[in-house]
Amino acid sequence: DVKVTQSSRYLVKRTGEKVFLECVQDMDHENMFWYRQDPGLGLRLIYFSYDVKMKEKGDIPEGYSVSREKKERFSLILESASTNQTSMYLCASSLGGLAGVAGELFFGEGSRLTVL
Amino acid sequence: GNSVTQMEGPVTLSEEAFLTINCTYTATGYPSLFWYVQYPGEGLQLLLKATKADDKGSNKGFEATYRKETTSFHLEKGSVQVSDSAVYFCALSDRSARDDKIIFGKGTRLHILP
């Protein structure tokens, strides 16, 4: 089974702190994604990557950056956390093409970040 | 641009009731359509999919038919169980579009009462 592992399930940070969210997948997928999930807004794409060292902005990249130094690992970075970045963050991966094989994304369990 | 609209929740049903969650889409090309499910405390997982008009996707007793004439992909189940309580997301991907990212609806929370 494909496994997407997010390093932290719950984090509490203070305004202005630098935050790293790590994601690792074990199925050699080319594509990796970071979403945030908020009540009433659904899933919004922050950044995605379809190859090592490649990154593309999603719909809401402001305040975030990403790093993909190895194929299996995709990191989301909040350079200076703010309270409006309190959210659930979901990492996903897929095989081939931007939408994967017939669009199947494999998700991690999520990282719930609270910024005080 | 492409978009997905699904019925707002929460939807509350009794066990063994019939379920319909409506989903309509707008797409400029020829999208593939999906339903994802998110159980409490977990990430999303693919429930079913359909890649062309009139296809029916099915899994775990759930079904959805790709209706091009009504641009719909409604999720149905004949007899729901408490374990079906989750958030359901309708989604599309359009490989003919310049940018074929997956687009998700806002999700519909389903509560099943025993």
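Provided above is the structure to which this section pertains.
Residues numbered from 1 in each chain as written. Chains lettered and ligands numbered in written order. Predicted model: local features only at pLDDT ≥ 70, side-chain atom pairs only at ≥ 80, totals over all residues. Heavy atoms only, no water.

Residue and element names in this part refer to chain A. Most of strand S8 (residues 73-78) sits out of view: five of its six residues are buried. With six bridges joining them, strand S3 (residues 19-25) and S8 adopt antiparallel strand pairing. By the bridge assignment, Phe 20 is partnered in S8 with Ile 77. For strand S7 (residues 65-70) and S8, the ladder comprises four bridges, and the chain directions are antiparallel. Bridge pairing links Ser 65 to Ile 77 in S8. Counting the residues between successive antiparallel strands, the hairpin from S7 to S8 contains two residues. (Buried < 20%, exposed > 50% of the residue type's maximum accessible area, 1.4 Å probe, protein only. Helix = DSSP H or I, 4+ residues; strand = E, 2+ residues; numbered from the N terminus. Pairing = 2+ DSSP bridges.)

What follows is about the state of the cysteines. Residue and element names in this part refer to chain B. Scanning the model with the defined rule gives two disulfides over all chains in all. Residue pairing for Cys 23: its cysteine sulfur links by disulfide to Cys 90, the two sulfurs lying 1.9 Å apart. What sets the handedness of the Cys 23 and Cys 90 disulfide is the S-S torsion sign, and at about -70° it is left-handed. With Cys 23 in strand S4 (residues 23-26) and Cys 90 in strand S10 (residues 86-93), the pair connects residues that are 67 residues apart, well separated along the chain. A relative accessible area of 1% means that Cys 90 is categorised as buried. (Disulfide = S-S within 2.5 Å.)

With that settled, the discussion passes to the packing of aromatic side chains. The final tally for this structure, using the stated rule, is twelve aromatic pairs over all chains. Both rings, one in Tyr 35 of chain A and one in Phe 104 of chain B, keep their centres 5.7 Å apart while their planes meet at 90°; by these two values the pair is edge-to-face. Taken as a pair, Tyr 35 of chain A in strand S4 (residues 31-38) and Phe 104 of chain B in strand S11 (residues 103-104) lie in two separate chains rather than in one. Each of the two residues, Tyr 35 of chain A as well as Phe 104 of chain B, counts as buried. Measuring from ring centre to ring centre gives 6.2 Å for Phe 107 of chain A and Phe 104 of chain B, while their planes differ by 70°; the resulting arrangement is edge-to-face. Residue Phe 107 of chain A is found in strand S10 (residues 106-107), and its partner Phe 104 of chain B is found in strand S11; the two belong to separate chains. Pair check on accessibility: Phe 107 of chain A and Phe 104 of chain B agree, each one buried. Here the aromatic residues Phe 33, Tyr 35, Phe 48 and Phe 107 of chain A together with Phe 34, Tyr 36, Phe 89 and Phe 104 of chain B are joined through ring pairs into a cluster of three or more. (Phe/Tyr/Trp six-rings, centres within 6.5 Å; stacked < 30°, edge-to-face > 60°.)

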